[in-house]
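# Structural description and commentary
Residues per chain are reported as follows:
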Amino acid sequence: MSNDFSINDYKDNSAYQILRGIKKAHREYDFQKTTDTTIIDFAQTKADKTENKSAITVALEDFTRTTNGFNGSSSSNIVESDTELSFFEKIGSFFGKKTDNMFKTKEGQELVASQGKIFQNDIYDSDYAKNGGIRYAKEGDDLYESALNFAKADIGAIEKAYQMANLESNNNGKLESFEAGSYTEFDGNLYDAIQELDLGDSKKKLTAEEYASYLIAVDQMGNSDGVISSDEAAGIIEMKNSDLASKAKTIFEEHYD
């Protein structure tokens, strides 16, 4: 494969284009590289105590619970004021009940303050820097439950950001074409692409179970280790949608249907 193309030239595979857990694992030609693992290192502490959830999963979940707006930027993010405890959280803290939101702990507040703003892309970048890909499952976790939890967290973060930008959006836990259009650089027909990913009966929406099935299918093309590596993600760029869907459908029917 020639190296003389940009990341925008990847147009063939719908799963690669739409599923962030796959596309953001491929960074060979992405100029936005980082070596900062701070966010994921911090999230790992919570993930280690949480069954079948990786650091990026808990970080995305708590990001969704914390973010309140765009804060002058073009995408949702967390700033220091977002991490302040609510009235009920303060009451709980007074009686010794600590918040379980990583960004609202004292250490989390300090992290956000030091970063200035934390975007969803920062979480992905930090995970890639630490794992050389996107780690959807910790070592020893159930891969299928972990993949599902990651898919739910990613869709939730996407929907929350879209909902803040468009009051008419819904929040149904399923990825729809207009939501995908808020983050993907794909210049094809997103509605058709979502349909191509369908493994069940919801052709207009992609469920978390379907998303998870594709994650597992791509991981199985390599080490099946809970990490979507750059090589695994790159391996499906020119793969026919039907071929990958066939592998994902087997997983879907055996584990999620």
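For the structure itself, look to the data block above.
Residues numbered from 1 in each chain as written. Predicted model: local features only at pLDDT ≥ 70, side-chain atom pairs only at ≥ 80, totals over all residues. Heavy atoms only, no water.

So, on to the packing of helix 3 (residues 38–47) against helix 6 (residues 106–115). Where helix 3 contacts helix 6, the two axes come as close as 11 Å, and the packing angle between them is 170 degrees. The orientation of helix 3 with respect to helix 6, classified from their angle, is roughly antiparallel. Residues Thr-38, Ile-39 and Phe-42 of helix 3 form the contact with helix 6, whose own contacting residues are Glu-107, Gly-108, Leu-111 and Gln-115. Class assignment of the residues belonging to the contact of helix 3 with helix 6 gives a composition of three nonpolar, three polar and one charged. (Axes fitted to C-alpha atoms, helices over the stretch in contact; angles between N-to-C directions. Helix = DSSP H or I, 4+ residues; strand = E, 2+ residues; numbered from the N terminus. Parallel < 35°, antiparallel > 145°, perpendicular 65-115°, else oblique. Contact = heavy atoms within 4.5 Å. Nonpolar A, V, L, I, M, F, W, Y, C, P; charged D, E, K, R; others polar.)

Relative orientation of the contacting elements helix 4 (residues 55–66) and helix 8 (residues 143–165) amounts to 30 degrees, with a least axis distance of 9 Å. Classified by the angle their axes make, helix 4 and helix 8 are roughly parallel. Handedness of the helix 4/helix 8 crossing: left-handed. The residues of helix 8 that touch helix 4, namely those facing Ile-56, Thr-57, Leu-60, Glu-61 and Thr-64, are Asn-149, Phe-150, Ala-153, Asp-154, Gly-156, Ala-157 and Lys-160. By residue class, the composition of the contact of helix 4 with helix 8 is five nonpolar, four polar and three charged. (Left-handed = near helix turned anticlockwise from the far one by under 90°.)

Summed over all chains, the structure comprises two aromatic pairs. Relative to Tyr-211, the ring of Phe-150 lies with its centre 6.0 Å away and its plane at 90 degrees, an arrangement referred to as edge-to-face. Linking Phe-150 in helix 8 with Tyr-211 in helix 11 (residues 208–219), this pair joins segments that are 61 residues apart in sequence. As far as burial versus exposure is concerned, Phe-150 and Tyr-211 are alike and both buried. When the centroid spacing of 5.4 Å and the interplanar angle of 45 degrees are considered together, the rings of Tyr-162 and Phe-178 count as tilted. Here Phe-178 lies in helix 9 (residues 177–180) and Tyr-162 lies in helix 8, a separation of 16 residues in the sequence. A cation over a ring is seen here: Arg-20 above Tyr-183, with NZ or CZ 5.4 Å from the ring centre. (Phe/Tyr/Trp six-rings, centres within 6.5 Å; stacked < 30°, edge-to-face > 60°. Buried < 20%, exposed > 50% of the residue type's maximum accessible area, 1.4 Å probe, protein only. Lys NZ or Arg CZ within 6 Å of the ring centre and 35° of its normal.)

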